[in-house]
Every structure is written in structure tokens, then in C-alpha cells.
Amino acid sequence: MREAMEEVRGRSTGEPPHGGSPGEHRRDAQGTRRLLLDAASELFAERGYERATVRDIAARAGVNQALLFRYFGSKKALFGEVMARGGHEQLRTTPAERLFDVALRGMLAEGGGPGTDRSLEVCLRSIGGSDEIAEALRGLGDEYAEVLATLSRADDGALRGDLALSWLLGIGLMRVVVGKEPLASADPDTVCRLVGEALGALLEGLPKTE
């Protein structure tokens, strides 16, 4: 209810006019959108979709919440852009054989770390949200599993991709959400090495660990 009221108030508030050339306006808009995306990514990863309010996202970005609705239209649309910028960009730019390690290190990094994609952490904390959000999360999970499945030549490659993704998310759940020790404070390099050694039996296309 509070989220809906904030959205209504946000839509009814306009951005204060200011001077400057059209180019300056575009640069300001791009900068504001980036600030909102960064803030939303952090808060969605820390709290999940439902508990990250538009007011808090705007406050962390240091802008009026009306600008969130101006540039994204709704919190759900902002969530979609966060996932597209993070998870889908990671899928597009990361070689298949490095995807598991890169995604795992992103979840193991303390506080995300500078420039770290936190899309899978967002998934973990947003599970149980609205049907629309759940569908978006399932879609991203399917894409990760499909890429991981290409690392196996076995007939049950799709199942192996699902198992690898389940392991990845399970590690994230126990470390990031539950805080289970000793995993929660384990050295990321050690975790990645141990997991990589074991995962090689499931996905033979993974690079050999040293």
C-alpha cells in the first residue's frame, strides 16, 4: 500500500525546470538514470524487490523520487532495467566457460564490490515477490542454466546446467542470505577453487583449476 501511494505521489510531481542546452539536459538525464540504476541495484541486492522502496532508492541516488517515475515509469520497470543491465549484460559479455566463476565471485564479493554485478543476489533476495517479478527471475535463471548447459557434451546437458545453477544459487543463499558459517566468512578464492574442482565432474567444459 505504501509503495502504491508513493508511486501516485511520485507521478504527480514534476522535475523542476532549469536552464541549459538540450545536450546538457541529456547528460543530466543519463547521469540521473545511472544514479538510480546503481542505487536500485544496491538496494534490491540488500533487501529484495518488495522491501526496497522507491523513496529509499531515490534517497540513496540523491535525487527526487519523481525522477524515478519520469525516467523508468514504475518500480517494476526499474527492476527490469536493473536485471537487464546486470544479469543479461553478464550473460552477453562473459564466455560460457567463465560464467559460473564470474557469477560466483560476484555473490561472494563483500558488499558487491566496485563494478560487481549483483543480479543473482537480487534474485535470491527477491524470491517470493509478485508473479511478474518471479517470472523475470525465472527467465534470467533459465538463461544462466542454458549457457552452463553448453559446457557439457552429455545427453543430459540441460539437467547438468540446472544442477550447476542450483549449486550457484544455493551457495549464494547460504552465504549472502542465511549467513551460514564458515561459508559466510570463507575466502572467495578458496570457495571458488573448491567448487571449481568439484564442478568439473558435472560440466567438463569448465577450465581446469590450478
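Let us look at the structure shown here. Predicted, not measured: the structure shown is a model, and the values here were computed from it. (Residues numbered from 1 in each chain as written. Predicted model: local features only at pLDDT ≥ 70, side-chain atom pairs only at ≥ 80, totals over all residues. Heavy atoms only, no water.)

### Some thoughts on a nonpolar patch on the surface
- A surface patch of nonpolar side chains, amounting to about 290 Å² of accessible area, comprises L173, M174, V177 and V178.
- Along the chain, the position of V177 falls in helix α9 (residues 157-178). (Patch = residues over 30% accessible without salt bridge, like charges linked within 9 Å, V, L, I, M, F, W, Y side chains within 5 Å. Areas by Shrake-Rupley, 256 points an atom, 1.4 Å probe, with all protein chains shown as cover. Salt bridge = Lys/Arg side-chain N within 4 Å of Asp/Glu carboxyl O. Helix = DSSP H or I, 4+ residues; strand = E, 2+ residues; numbered from the N terminus.)

### Section: the packing of aromatic side chains
- Tallied over the full model, the rule gives three aromatic pairs.
- Aromatic pair Y49 and F79: ring centres 5.2 Å apart, planes at 80°, arrangement edge-to-face. Taken together, the residues Y49 in the loop between α2 (22-47) and α3 (54-61) and F79 in helix α5 (residues 75-93) connect sequence positions 30 residues apart.
- For Y49, a relative accessible area of 6% corresponds to the buried category.
- Given the relative accessible area of 1%, F79 is considered buried.
- The structure contains a cluster of three or more aromatic residues connected by ring pairs, namely F44, Y49 and F79.
- Stacked on the ring of Y49, the Lys or Arg K75 has its end atom at 4.3 Å from the ring centre. (Phe/Tyr/Trp six-rings, centres within 6.5 Å; stacked < 30°, edge-to-face > 60°. Buried < 20%, exposed > 50% of the residue type's maximum accessible area, 1.4 Å probe, protein only. Lys NZ or Arg CZ within 6 Å of the ring centre and 35° of its normal.)

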